[in-house]
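Listed below, chain by chain, are the residues.
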Amino acid sequence: MSDIVEKTLTALPGLFLQNQPAGGPAAPKASFSSRLGGLVRGITALTSKHEEEKLIQQELNNLKATVSAPTTTLKMMKECMVRLIYCEMLGYDASFGYIHAIKLAQQGNLLEKRVGYLAVSLFLHENHELLLLLVNTVVKDLQSTNLVEVCMALTIVSQIFPREMIPAVLPLIEDKLQHSKEIIRRKAVLALYKFYLIAPNQVQHIHIKFRKALCDRDVGVMAASLHIYLRMIKENSSAYKDLTGSFVTILKQVVGGKLPVDFNYHSVPAPWLQIQLLRILGLLGKDDQRTSELMYDVLDESLRRAELNHNVTYAILFECVHTVYSIYPKSELLEKAAKCIGKFVLSPKINLKYLGLKALTYVIQQDPTLALQHQMTIIECLDHPDPIIKRETLELLYRITNAQNVTVIVQKMLEYLHQSKEEYIIVNLFESILVLNTVDTYAPDNAWFIQTMNAVFSVGGDVMHPDIPNNFLRLLAEGFDDETEDQHLRLYAVQSYLTLLDMENAFYPQRFLQVMSWVLGEYSYLLEKEKPEDVITRLYKLLMNDSISSETKAWLFAAVIKLTPQAHSSNLVERLIQEFTISLDTCMRQHAFELKYLHENIELMKSLFPVDKSCEEMVVDASLSFLDGFVAEGLSQGAAPYKPHHQRQEEKLSQEKGDFFHETSSLKLEGIKKLWGKEGYLPKKESKIGDEVEAPPIPQENLTIENMDQVITKRDQSQVLTQSKEEKEKQLLASSLFVGLGSEGTINLLGKADTVSHKFRRKSKGKEAQREETTSAHSVTCSSLSSLSKVTCENNYLNTFSQLLDSESLTELPLVEKLSDCSLSAPSLFADNDMEIFHPPPSTAASVAKGISLYMHSNLMEVCNNEAVSISSYKIWKDDCLLMVWSVASKSGSELKSANLEIFPAENFKITEQLGCCLPVVEAESTRNFQYSVHLEKPFTEGNLSGFINYQLMDTHSVQLEFSINLSLLDFIRPLKISTEDFGKLWLSFANDVKQNIKTSESQAALPSALKTLQQKLRLHVIDIIGNEGLLACQMLPSVPCLLHCRVHTNVIALWFRSSCSSLPDYLSYQCQKVMEGS
């Protein structure tokens, strides 16, 4: 390896010194080559790490003196940079040269700038503070007429560039997409791809230009755009279904060899391009028959042409198989893909066998019979000498596990666990074993369950995640449906742990000892032959063991405290108290004193530590009201009131800033009016009226994972007439592993056979369900929509509904007094211009409550229909949620006998049906209305609500219609009304910020006009105007604030967003740019 490095770095001088003038290049080149080559040869000749450090430190000292000398020329600086790069590559700190690398990129000629950019890209990371010094140089080079300088600037932008400075170069890079040179267009696309990775919301407005890049006449530009599309389609495939034909056409051209020969690799046309296109098609065709039909032919052609015996063709075949099983299935393609998998699995080459197992692991969920076809090969792979093959085989077995083969598969996993030494593999195997073991549908009996968990904890208890033992203890505590089985399970666990503790010279991981101590402390009362004193004696031996950690001793002490009320003799407990009350460990000493004072009153201990009450709910006084008297007494004596942590941090930060400005003697503040102070905006402090608004915390997000059941069939096993002894053993193992994959007993891959009786079933927690219902009831803030007025046909229905929703004029949002003199039109409050004010018609207004007379809502939109009914929907933007209203109307006027609406669960939303009525409507037999409140649980950019409606007309059968409605984050943005002083406090507490400069027309140059546009179209609350600056605020439901500081220059609006949510400023920045450019 050292020879390769030496040859590579020896060749660098020719690269950096090429194109030198004819006069006298030999001396500098020889000098540079001798210095760098001598350094490399000197390092490779060393025999110890200490000598290398000494030599490198000497070289760094020489380089530091050279780059700091005023007589150092740019040519010498370039040579020093290459040597610094080599030292940095070896792992030594060369930070003193970072600033000189930036200067070299700024000041040198083409070759020197090239080395400077290279050094910067290797030295600095995206968040490095010195990177800001390079922004102006990048902007200047992007505007250069020299193609090399433009290429260097685009390259450095696509590698490292500060996220907050993207708006400074984004317009320049957009212009480069139209450049005449294909290399510039390609590098511009890659730079935009980098921007999409670090700040996707800032490049959303140029998606149309991405489509043009996909159709670019240069293959390299088109290939570069595929990176962006692959990323975007992974996030939201439905938005790019219309491009399926384009991707199919490109893949046909690639497979047909229509691309230039330069893109071929070992006679295979553009293999990496094929792989990317196959991945894109797999995402687009998933669960979509119409889209999948467009790609059947090209997939068949790809499988047919990828026949060359080369690794890259195997990679293409693997992606083809993955795509075939991802899209809507076609039997002919599935058969060909299965043959490819068989070739991979049966191949003697390890790489191909691994690919076959990997593909089989994926497709086994769609076609479990493939595992039966290759079962003997899978058995042989279990004993393969390559650990990667063996690990992938275990992953495959994990996918086909059911209640009938779980014992054999877990045994194989445990055997591999004992052999493996890699921590990563051990942790992954733990997770697989625990899923198979703790899921209530798999464990065959109590003994197997406990014994398997003991083996898992014994092998790697210290490397597993802390949640694993906690979940195991929770499983024991909560139990299952049968209380008798629960007691037997707990009793067996206690007996097994006592047996393990009685073994001589046995060592157990700390987490396993913690599990033992908790179980013995909770369930030792189930023992009939053992007394509590005997259990305490075993725990006492562990406490006196010096190899036990302090944390584990705390668990053991807690178990002793639980067992003390049950013990009749207290001699051992008193001795334990006596020894640990003088312990040097503060935690153990505290536990000992707690036990000492509790032990004086055994009846109190029995009431505090009842038997088998670990799952009962405890009443906790979260407000600590019992301390109110103590607090009041302290305040009356002059004690300072409690300040939350964030308030103390803000005061400390403000004090540090104040001290800094106070100590800076060069700053003259005479004659300048003080507007801001520690408490915020000072002029508003005295006249401030109202309560302070405090930014509530961001709600926690709960992630749930659901396993989907799939039913598969079983195939009869044929007997082999003549087999060797080894083959018979493999056949017997195969019958144990692949049992349950048959037609006689249906199973699901991540569940249990339906025909097998469940040994363990999780009991339903009544209190938890009741608590969830109560929480859900409190979250309901809106009522549902009752039926509309009676109509006889679809046209009458739509006219009536439009009359109910439309209004002649739009009531403007309240503005600050300084904006009252602006006369502008009143567009909708959102950028899509589809919102209106809800004004009920006079005929129904009398029936509406006064508090709900106005609603912001979208236009009525038909989401689906057929020949009998029309289903329409619209949005109502309430203060605390988004209210979705669906209406089913009969086109013929026939009476709707029944209608039901179901909404599929959405990842980012909490959807609650509203059962009341909040809109002015009249009952009608030909319409049905449904109303759901949508609460945001997780920030997103684009999402949708999908579902179906079942309806039945009189004298007809039930019919089902599916629908889908797009939602944006803008649907959950509401004004935040706070004071200027609160704005200042919140501004200091937020760390996530985004800056954006937007060019505007002359009509938008005035600050009041710009603020009014943002207020009306984005629902931003205008707080105040200070000179040429404006303050605005909004919140993302339920309670995530975002602040905006706006300043207007000549035809430029400078926006500065800050929020506690990292994605919200990016999104609002993009929306502001979209609104200002479109208005």
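Quick caveat, the model's predicted, so the values are computed rather than measured. (Residues numbered from 1 in each chain as written. Predicted model: local features only at pLDDT ≥ 70, side-chain atom pairs only at ≥ 80, totals over all residues. Heavy atoms only, no water.)

**Here we look at the overall build of the protein**
Along the backbone of the protein there are 42 helices and 20 strands. Partitioning the intrachain contacts of the protein with sequence separation of at least 6 by distance along the chain shows that 69% fall at a separation of at least 24. Surface accessibility of the protein: about 55,700 Å² in total, with carbon and sulfur atoms responsible for 52%. (Helix = DSSP H or I, 4+ residues; strand = E, 2+ residues; numbered from the N terminus. Contact = heavy atoms within 4.5 Å. Areas by Shrake-Rupley, 256 points an atom, 1.4 Å probe, with all protein chains shown as cover.)

**Some remarks on helix 30 (residues 550-563)**
Over its 14 residues, helix 30 extends 20 Å from the first C-alpha to the last, a length consistent with the 20 Å expected when each residue adds 1.5 Å. Counting buried residues along helix 30, 10 of its 14 residues qualify, which places the element largely inside the surrounding structure. Regarding helix 30, the residues found buried are Thr552, Lys553, Ala554, Leu556, Phe557, Ala559, Val560, Ile561, Lys562 and Leu563. (Expected span 1.5 Å × (residues − 1). Buried < 20%, exposed > 50% of the residue type's maximum accessible area, 1.4 Å probe, protein only.)

**Observations concerning the packing of aromatic side chains**
For any pair of aromatic rings, geometry is given as the distance between the ring centres together with the angle between the planes. Within the structure shown, the criterion is met by 19 aromatic pairs. Judged by centre distance (5.7 Å) and plane angle (85°), the rings of Tyr508 and Phe512 are edge-to-face. In this pair, the class of Tyr508 matches that of Phe512, namely buried. Judged by centre distance (5.9 Å) and plane angle (80°), the ring pair of Trp886 and Tyr932 falls under edge-to-face. Of this pair, Trp886 sits in strand 9 (residues 882-890) while Tyr932 sits in strand 12 (residues 927-936), and the two are 46 residues apart along the sequence. The structure contains a cluster of three or more aromatic residues connected by ring pairs, namely Phe449, Phe457, Phe472, Tyr497, Tyr508 and Phe512. Above the plane of the ring of Tyr597 lies Lys596, whose end atom (NZ or CZ) is 5.9 Å from the centre. Its end group placed over the ring of Trp1056, Lys995 keeps NZ or CZ at 4.3 Å from the ring centre. (Phe/Tyr/Trp six-rings, centres within 6.5 Å; stacked < 30°, edge-to-face > 60°. Lys NZ or Arg CZ within 6 Å of the ring centre and 35° of its normal.)

**Observations concerning the pairing of strand 9**
For a regular strand, the rule is simple: side chains alternate between the two faces of the sheet. Summarising burial for strand 9: nine of the nine residues are buried, a large majority. Side-chain alternation along strand 9 places Leu882, Met884, Trp886, Val888 and Ser890 on one buried face and Leu883, Val885, Ser887 and Ala889 on a second face that is also buried. Looking at chain direction, strand 8 (residues 869-877) and strand 9 are connected through nine bridges and run antiparallel. Its bridge partner being in strand 9, Tyr874 is matched across the sheet by Val885. Between strand 8 and strand 9, which pair antiparallel and follow one another directly, the connecting turn spans four residues. (Pairing = 2+ DSSP bridges.)

**Digging into the nonpolar core**
Val138, Ile173, Phe195, Phe247, Phe472, Tyr497 and Val519 are the most contacted members of the largest nonpolar core, which has 203 residues in total. Element by element, the count of residues in this core is highest for helix 12 (residues 219-235), at 11 residues. No fewer than three residues from each of domain 1 (35-124) and domain 2 (132-235) sit in this core. Apart from the residues within four sequence positions on either side, Phe195 is in contact with Val157, Phe161, Ile166, Val169, Leu170, Ile173, Pro200 and Val203. Formed by 62 residues, the second largest nonpolar core is a distinct cluster that contains Ala906, Leu967, Leu969 and Ile1025. (Core = buried A, V, L, I, M, F, W, Y, C linked by side-chain atoms within 4.5 Å. Domains from an automatic or database assignment.)

**Things to note about the sheet that holds strand 10 (residues 896-903)**
An order of 10-13-14 is seen for the three strands of this open sheet, with the pairing classed as antiparallel. Because the sheet does not close on itself, it has two edges, and the strands there are strand 10 and strand 14 (959-968). This sheet shows a mean twist of 20° between the axes of neighbouring strands, independent of strand direction. (Axes fitted to C-alpha atoms, helices over the stretch in contact; angles between N-to-C directions.)

**What to know about the pattern of salt bridges**
Counted under the stated rule, the structure contains 25 salt bridges. For the salt bridge of Asp288 with Lys241, the shortest nitrogen-to-oxygen distance reads 3.2 Å. Highlighted residues: Asp288 in the loop between helix 14 (271-284) and helix 15 (289-293) and Lys241 in the loop between helix 12 and helix 13 (244-255), separated in sequence by 47 residues. Looking at Lys241, the relative accessible area reads 24%, which means it is partly exposed. The partner of Lys336 in a salt bridge is Asp300, with the nearest N and O atoms 2.5 Å apart. One end of the pair, Lys336, is in helix 18 (residues 331-346); the other, Asp300, is in helix 16 (residues 296-305), and 36 residues separate them in sequence. (Salt bridge = Lys/Arg side-chain N within 4 Å of Asp/Glu carboxyl O.)

**As for unusual backbone geometry**
The linkage connecting Leu1037 with the following residue, Pro1038, adopts the cis geometry, with an omega of 5°. By secondary structure assignment, the location of Pro1038 is in the loop between strand 18 (1029-1036) and strand 19 (1040-1049). The phi dihedral of His266 falls on the positive side, at around 55°, and the residue is not glycine. One can find His266 in the loop between strand 1 (264-265) and strand 2 (268-269). Note on His266: relative accessible area 49%, which makes it partly exposed. Backbone geometry places Arg1019, a non-glycine residue, at a positive phi of 60°.

**Comments concerning the environment of Tyr325**
Here Tyr325 is to be found in helix 17 (residues 311-326). Apart from the residues within four sequence positions on either side, Tyr325 is in contact with Leu334, Ala337, Ala338, Ile341, Tyr362, Val363, Gln366, Asp367 and Leu370.

**Observations regarding the packing of helix 17 against helix 18**
Look at helix 17 against helix 18: their axes get within 10 Å of each other, and the N-to-C directions meet at 140°. On the basis of their axis angle, the class for helix 17 and helix 18 is oblique. Of the two elements, helix 17 crosses helix 18, and the hand of that crossing is left-handed. Of helix 18, the residues touching helix 17 (which contributes Tyr314, Leu317, Phe318, Val321, Val324 and Tyr325) are Leu333, Leu334, Ala337, Ala338, Cys340, Ile341 and Phe344. Each residue belonging to the contact of helix 17 with helix 18 can be placed in one class, and the counts come to 13 nonpolar, no polar and no charged. (Parallel < 35°, antiparallel > 145°, perpendicular 65-115°, else oblique. Left-handed = near helix turned anticlockwise from the far one by under 90°. Nonpolar A, V, L, I, M, F, W, Y, C, P; charged D, E, K, R; others polar.)

**Thoughts on helix 8 (residues 147-159)**
Taking 1.5 Å of rise per residue, 13 residues should cover 18 Å, and helix 8 covers 18 Å from first to last C-alpha, within 8% of that figure. Where helix 8 is concerned, the buried positions are Glu149, Val150, Cys151, Met152, Ala153, Leu154, Ile156 and Val157. Those residues of helix 8 that are buried lie in contact with helix 6 (110-123), helix 7 (135-142), helix 9 (166-176) and helix 10 (182-198). The backbone nitrogen of Val148 lies 2.9 Å from a side-chain oxygen of the residue at the head of helix 8, namely Asn146. (Polar contact = N/O pair within 3.5 Å; in protein donor to acceptor, adjacent residues only side chain to side chain.)

**Some words on the pairing of strand 12**
Counting buried positions along strand 12 yields nine of 10 residues, so the element is predominantly enclosed. As paired strands, strand 9 and strand 12 are joined by eight bridges and run antiparallel to one another. The residue bridging Leu883 from the neighbouring strand is Ser933, located in strand 12. Relative to strand 12, strand 11 (residues 909-913) runs antiparallel, the two being bridged by five bridges.

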